[in-house]
Amino acid sequence: MNKSGIFSKSYDIHTANWQDLYLMTEQWKDDMDFFKDELHFLHDLIGKYFIWMTKGEVLSKVQQMDNHMAEITKQREILSAKIDKHLGNLGMMIEDAFRRDHQIFRDEHATLEDSVNAYFKAFREVKKEVFAIAKDVMKSEKMQKMMSLPSH
């Protein structure tokens, strides 16, 4: 993974050993588990602040965010299943180094890596959107409280 949190192909997929590919895939699995927890947190964040979202503009943003969250959650589930299958296949490749489908498997690994990178970028964008909406809501809540204070 590089500094931006995106996996980079700093290795040659055609010559990388199976153990290294397995470790990388295990890291993807760990990341997907982390994203699952993060998505749960973000969903709770939206739910807790939803009661403050009475303005049409903010409500519309929240509804869009809810749709994005549902989509990114679905994508995570699909990608996690692919990663689990890939780990199983990698285990078989390690056990039977003389299999003939090495290139097919390496191509699958490269495609999966691209999918993980795309998901990571999409997740970051959704997280930014959630935080931006939460920030707007907190500002409007603070303004409402300040405006409702009695003047002396």
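Data block above holds the structure.
The sections below set out a description of the structure shown in this document. Keep in mind it's a predicted model, so treat the numbers as computed, not measured. The numbers attached to residues start from 1 for each chain and follow its sequence in the written order. Totals for whole chains, interfaces and linings use every residue, but because this is a predicted model, local features are given only for residues with pLDDT of at least 70 and side-chain atom pairs only at 80 or more, for both listing and counting. The basis for the side-chain values is all heavy atoms of the structure; hydrogens and waters are excluded.

**Some thoughts on the pattern of salt bridges**
Then comes step 1: Definition used for salt bridges: Asp or Glu carboxyl oxygen within 4 Å of a side-chain nitrogen of Lys or Arg. Under the defined criterion, the tally for this structure stands at three salt bridges.
Then comes step 2: Taking the shortest distance from any N to any O, the salt bridge between K127 and E38 comes out at 2.6 Å. Residue K127 is located in helix α3 (residues 102-147), and its partner E38 is located in helix α1 (residues 18-49); the two are separated by 89 residues in the primary sequence.
Then comes step 3: For every residue, the accessible area obtained with a 1.4 Å probe (protein chains only) is divided by the maximum for its type, and the residue is called buried under 20%, exposed over 50%, and partly exposed between those limits. Judged by its relative accessible area of 24%, K127 is partly exposed.
Then comes step 4: What makes E38 buried here is its relative accessible area of 14%. Helix numbers and strand numbers start at the N terminus; a helix is a DSSP run of H or I with at least 4 residues, a strand a run of E with at least 2.

**As for the side chain of N89**
Then comes step 1: Relative to the elements of secondary structure, N89 occurs in helix α2 (residues 56-95).
Then comes step 2: Accessibility expressed as a relative area gives 18% for N89, which makes it buried.
Then comes step 3: Only heavy atoms matter for contacts: two residues are in contact if any of them lie within 4.5 Å across the pair. Apart from residues no more than four positions distant in its own chain, N89 is found in contact with F105 and E108.

**Some remarks on the environment of V130**
Then comes step 1: Mapped onto the elements of the fold, V130 is located in helix α3.
Then comes step 2: Looking at V130, the relative accessible area reads 2%, which means it is buried.
Then comes step 3: Placed 68 residues apart in sequence, V130 and V62 show a C-alpha to C-alpha distance of 8.4 Å.
Then comes step 4: Look past the residues within four positions of V130 in its chain and what remains in contact with it is L42, L45, I46, M65 and M69.

**Focus on the packing of aromatic side chains**
Then comes step 1: In this analysis, rings of Phe, Tyr and Trp, with Trp reduced to its six-membered ring, are considered paired at centre separations within 6.5 Å, and the interplanar angle assigns stacked below 30 degrees, edge-to-face beyond 60, and tilted for intermediate values. Tallied over the entire structure, the rule returns six aromatic pairs.
Then comes step 2: With a centroid separation of 5.5 Å and 55° between ring planes, the pair formed by F35 and Y119 is classed as tilted. Taken as a pair, F35 in helix α1 and Y119 in helix α3 lie far apart in primary sequence, 84 residues in all.
Then comes step 3: Judged by relative accessible area, which is 3%, Y119 ranks as buried.
Then comes step 4: When the centroid spacing of 6.4 Å and the interplanar angle of 25° are considered together, the rings of Y119 and F123 count as stacked. One end of the pair is Y119 and the other is F123, both in helix α3 and four residues apart, which spans about a single turn.
Then comes step 5: Ring-pair connections join several aromatic residues into one group, and the members of that group are F34, F35, Y119, F120 and F123.
Then comes step 6: Counting as a charge over the ring demands two things of the Lys NZ or Arg CZ atom: a distance within 6 Å of the ring centre and an angle within 35 degrees of the ring normal. Seen from the ring of W18, R106 lies directly overhead, with NZ or CZ sitting 4.2 Å from the centre.

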